[in-house]
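# Commentary on secondary and tertiary structure
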Number of protein chains: 2
Amino acid sequence: MKIPAYRRIAADLADKIRTGVYRPGDALPAQRELSTRYGVTLMTLRQALQQLRDDGLILQQAGRGTFVAPVQAAYRVDTLRSFVEDLREQGHDVTTEVISVAAEGAGLRLERVRLLGDQPVIHQTSWIPEPYGSRIADENFRRTSLYEALADAGVTIVRASERIVPGLLTEPVAGHLRRPAGEAVFVSERTTYAMDEQPVVVDRAVILGDLMEIRAERAATRLSLQWATAE
Amino acid sequence: MKIPAYRRIAADLADKIRTGVYRPGDALPAQRELSTRYGVTLMTLRQALQQLRDDGLILQQAGRGTFVAPVQAAYRVDTLRSFVEDLREQGHDVTTEVISVAAEGAGLRLERVRLLGDQPVIHQTSWIPEPYGSRIADENFRRTSLYEALADAGVTIVRASERIVPGLLTEPVAGHLRRPAGEAVFVSERTTYAMDEQPVVVDRAVILGDLMEIRAERAATRLSLQWATAE
DNA sequence: GTGTATAACTGTTCTAGAACTCAGTTCTAG
DNA sequence: CTAGAACTGAGTTCTAGAACAGTTATACAC
């Protein structure tokens, strides 16, 4: 398993951005500087930078420099990833705080807050119906992601359906996100299904609007009937 | 205005795909073959192919070849559609009210309101930079869609990038939508690009949150995204 | 027949440069 | 004092190779 140099470099730079060695708005060292520092050609280094640019981590300006993208975390709807995976991909340091785990109805209710650095950005309530709920009730959800736990329990997720509307921040979620009520937020309702079309997770997430945005990229062939991407 | 070789080549190949010289599923000539044919290095040719891959026109498989992407909707303008086409598809009666058409900056500024029945739901400001703006300045935008007008003017759109955030309704848009300020809305910013990566349309839309929602269906290999009316 | 090397394709990664364009800055002539 | 020219340092494009890695068909051995 050989990892190409440009991927190593991209991963290293993404890490440096995530850990704050290079902060949003900062200029990265010049391409020639970085290429000698990593001991590769300019060509190879540029391949690494392109990866970072595709992931939205950096902005390049001819004649000026390469800059770390400002912190507007993007929620790309064109992939089958969770919030957290999406954000990690973009070099963000995401942590999870478990507010409560409890049996509710015929299932398990999980209330979590996602933090970007110190700032809570997402309040998420997940309901996992039986028989899946009890299979994963003992997990430590601060360490393990819900999807990992379900995968470990032998549950294969095949599709998800999501509905997003804008809304206003209200109590008590406002308190969890440490923001005043009345701010603009996304409200996302998502249901995830197993192979037998049984719902596995029913999610409701409140997402801070000034810290998160939805980004969609569309290109000709990647679309099918209705703004659909095939990959 | 110097056009880099790799863009010329990408445009040429895209054209050959669009006109059916290479048909969906076909293998393109090998990279080395194409590089000598166009008289450039393998590196330069690969830059051209990467552009086509980013636009979803081709698929590359190590050891097998480069293939024209299957689902052929390639370069059909109506696949890069927006709110209105999405809603019409769902059987809604969408009408357009043109608020103003004026030259602004180096381009054309178009302000429109979209109505669902009698109710205005979207306020949209479009800016079409030169040289595209003047080509379509004489259109009647109540009849003709912006994308139709551009297609008629010979502009080929290859991709669009969209950014959506939640917001609060403010004046003067609130007046156009006949709603009080302070309501929850989507704010969508969308830029549409031509083959040469030049922006063709820069859009900003304010969408009523209680009447519209975003729906996403995700499966392992496919995602569909559409604007829908809230129920 | 059945397997398995291997040759000959394919795309992928990388080197070591050179020349170019773009955006600021600084110097200079008027 | 200012307009413009020259300079500087950044990203961009390109050449001419070489080596690597995945895929497929075929020829040879069993």
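Residues numbered from 1 in each chain as written. Chains lettered and ligands numbered in written order. Predicted model: local features only at pLDDT ≥ 70, side-chain atom pairs only at ≥ 80, totals over all residues. Heavy atoms only, no water.

## Observations concerning the overall build of chain A
The condition is simple: To qualify as a helix, a DSSP run of H or I must reach at least 4 residues; to qualify as a strand, a run of E must reach at least 2; elements of each kind are numbered from the N terminus. Buried, partly exposed and exposed residues are distinguished by accessible area as a fraction of the type maximum, computed with a 1.4 Å probe on protein chains only: under 20%, between the cut-offs, and over 50%, respectively. The contact criterion used throughout is that any non-hydrogen atoms of two residues lie within 4.5 Å. Exposure was quantified through the Shrake-Rupley algorithm and a 1.4 Å probe, taking into account, for residues, occlusion by the shown protein chains and nothing else.
Counting its regular elements, chain A contains seven helices and 11 strands. The buried share of chain A, reckoned over its 231 residues, is 47%. The long-range share in chain A, meaning contacts at least 24 apart out of those at least 6 apart in sequence, stands at 52%. On chain A, roughly 11,100 Å² of surface is accessible, and the fraction owed to carbon and sulfur atoms is 50%.

## Some thoughts on the pairing of strand S6 (residues 157–168) of chain B
Note the threshold: Criterion used throughout: strands pair if DSSP finds at least two bridges between them.
Most of S6 of chain B sits out of view: 10 of its 12 residues are buried. Relative to S6 of chain B, strand S10 (residues 212–219) of chain A runs antiparallel, the two sharing six bridges. Within the sheet, the bridge partner assigned to Arg218 of chain A lies in S6 of chain B and is Ala160 of chain B. Here 11 bridges tie S6 of chain B to strand S7 (residues 184–194) of chain B, and the two strands are oriented antiparallel to one another.

## A short note on the protein's contact with DNA strand D
Inclusion rule: Throughout, near means a residue has at least one heavy atom within 4 Å of the molecule or strand. Polar contacts, as counted here, are pairs of nitrogen or oxygen atoms within 3.5 Å of one another; within protein the pair requires one atom able to donate a hydrogen and one able to accept it, and residues that are adjacent in sequence qualify only if both atoms are side-chain atoms.
Near DNA strand D lie 25 residues; those nearest to it are Arg46 of chain A together with Ala5, Thr41, Thr44 and Arg64 of chain B. In DNA strand D, the atoms that sit within 4 Å of the protein are 64% sugar and phosphate, with bases accounting for the remainder. Tyr6 of chain B places a polar side-chain atom, nitrogen or oxygen, 3.0 Å from a phosphate oxygen of DNA strand D. Those elements giving two or more residues to the surface near DNA strand D turn out to be helix H2 (31–38), helix H3 (42–54), strand S1 (58–61) and strand S2 (65–68) of chain A together with helix H1 (5–18) and helix H3 (42–54) of chain B. When residues in the surface near DNA strand D are grouped by element, the largest group, three residues, is from H3 of chain A.

## A look at the packing of aromatic side chains
How two aromatic rings sit relative to each other is set out by the distance from centre to centre and by the angle between their planes. Worth spelling out the cut-off: Here the aromatic set is Phe, Tyr and Trp, taking the six-membered ring for Trp, and pairing holds for ring centres within 6.5 Å; pairs whose planes are under 30 degrees apart are stacked, those over 60 apart are edge-to-face, and all others are tilted.
Scanning the model with the defined rule gives one aromatic pair over all chains in all. Aromatic pair Phe186 of chain A and Phe186 of chain B: ring centres 6.3 Å apart, planes at 40 degrees, arrangement tilted. Of this pair, Phe186 of chain A sits in strand S8 (residues 184–194) while Phe186 of chain B sits in strand S7, placing the two residues on different chains. Each member of the pair, Phe186 of chain A as well as Phe186 of chain B, is classed as buried.

## Quick notes on the protein's contact with DNA strand C
Condition: Charged means Asp, Glu, Lys or Arg here, nonpolar means Ala, Val, Leu, Ile, Met, Phe, Trp, Tyr, Cys or Pro, and polar covers whatever is left, Gly included.
The local shell around DNA strand C holds 25 residues, among which Ala5, Thr41 and Thr44 of chain A together with Met43 and Arg46 of chain B are the closest. The sugar-phosphate backbone supplies 69% of the atoms of DNA strand C found within 4 Å of the protein. In the environment of DNA strand C, a phosphate oxygen lies 3.0 Å from a nitrogen or oxygen atom belonging to the side chain of Tyr6 of chain A. A distance of 2.6 Å separates a phosphate oxygen of DNA strand C from a polar side-chain atom of Arg46 of chain B. Listed by contribution, the elements that provide at least two residues to the surface near DNA strand C are helix H1 (5–18) and H3 of chain A together with helix H2 (31–38), H3, strand S1 (58–61) and strand S2 (65–68) of chain B. Tallied by class, the residues present in the surface near DNA strand C amount to 10 nonpolar, 10 polar and five charged.

## So, the nonpolar core
In plain terms, the rule: Grouping buried Ala, Val, Leu, Ile, Met, Phe, Trp, Tyr and Cys residues that are joined through side-chain atoms within 4.5 Å yields what is termed a nonpolar core.
If you look at the biggest cluster of nonpolar residues, it comprises 25 residues, and the most contacted ones within it are Ile122, Phe186 and Ile207 of chain A together with Phe186 of chain B. Looking at this core, the elements that each hand over two or more residues are helix H4 (83–89), strand S6 (119–129), strand S9 (199–208) and S10 of chain A together with helix H4 (83–89), strand S5 (119–129), strand S8 (199–208) and strand S9 (212–219) of chain B. Tallying contributions element by element places H4 of chain A first for this core, with three residues. Formed by 18 residues, the second largest nonpolar core is a distinct cluster that contains Ile9, Leu13, Ile17 and Leu49 of chain B.

## Topic: the pairing of strand S3 (residues 94–103) of chain B
If a strand is regular, its side chains alternate between the two faces of the sheet. Alignment of S3 of chain B against strand S4 (residues 107–116) of chain B, held across nine bridges, turns out to be antiparallel. The residue of S4 of chain B that forms the bridge with Thr96 of chain B is Arg114 of chain B.

## Concerning the pattern of salt bridges
Selection criterion: Here, a salt bridge means any Lys or Arg side-chain nitrogen found within 4 Å of an Asp or Glu carboxyl oxygen.
The tally for this structure, following the rule as stated, stands at 17 salt bridges over all chains. Linking Lys16 of chain A and Asp12 of chain A is a salt bridge whose minimum nitrogen-to-oxygen distance equals 3.0 Å. Of this pair, Lys16 of chain A and Asp12 of chain A both sit in helix H1, four residues apart, which is roughly one turn of the helix. Note on Lys16 of chain A: relative accessible area 27%, which makes it partly exposed. Classification of Asp12 of chain A by relative accessible area gives partly exposed; the value is 28%. A single salt-bridge network, built from bridges that share partners, covers Arg163, Glu189 and Arg204 of chain A together with Glu213 of chain B.

## Regarding the confidence of the model for chain A
Residue and element names in this part refer to chain A. What counts here: pLDDT gives the predictor's per-residue confidence on a scale running from 0 to 100.
Chain-level statistics for chain A give a pLDDT mean of 80 and a share of 84% at 70 or above. Mean pLDDT per element in chain A: strand S11 (residues 228–230) is the minimum at 17, and H2 is the maximum at 95. The model gives residues 221–231 a pLDDT under 50, and that stretch makes 49 contacts with residues more than four places away or in other chains.

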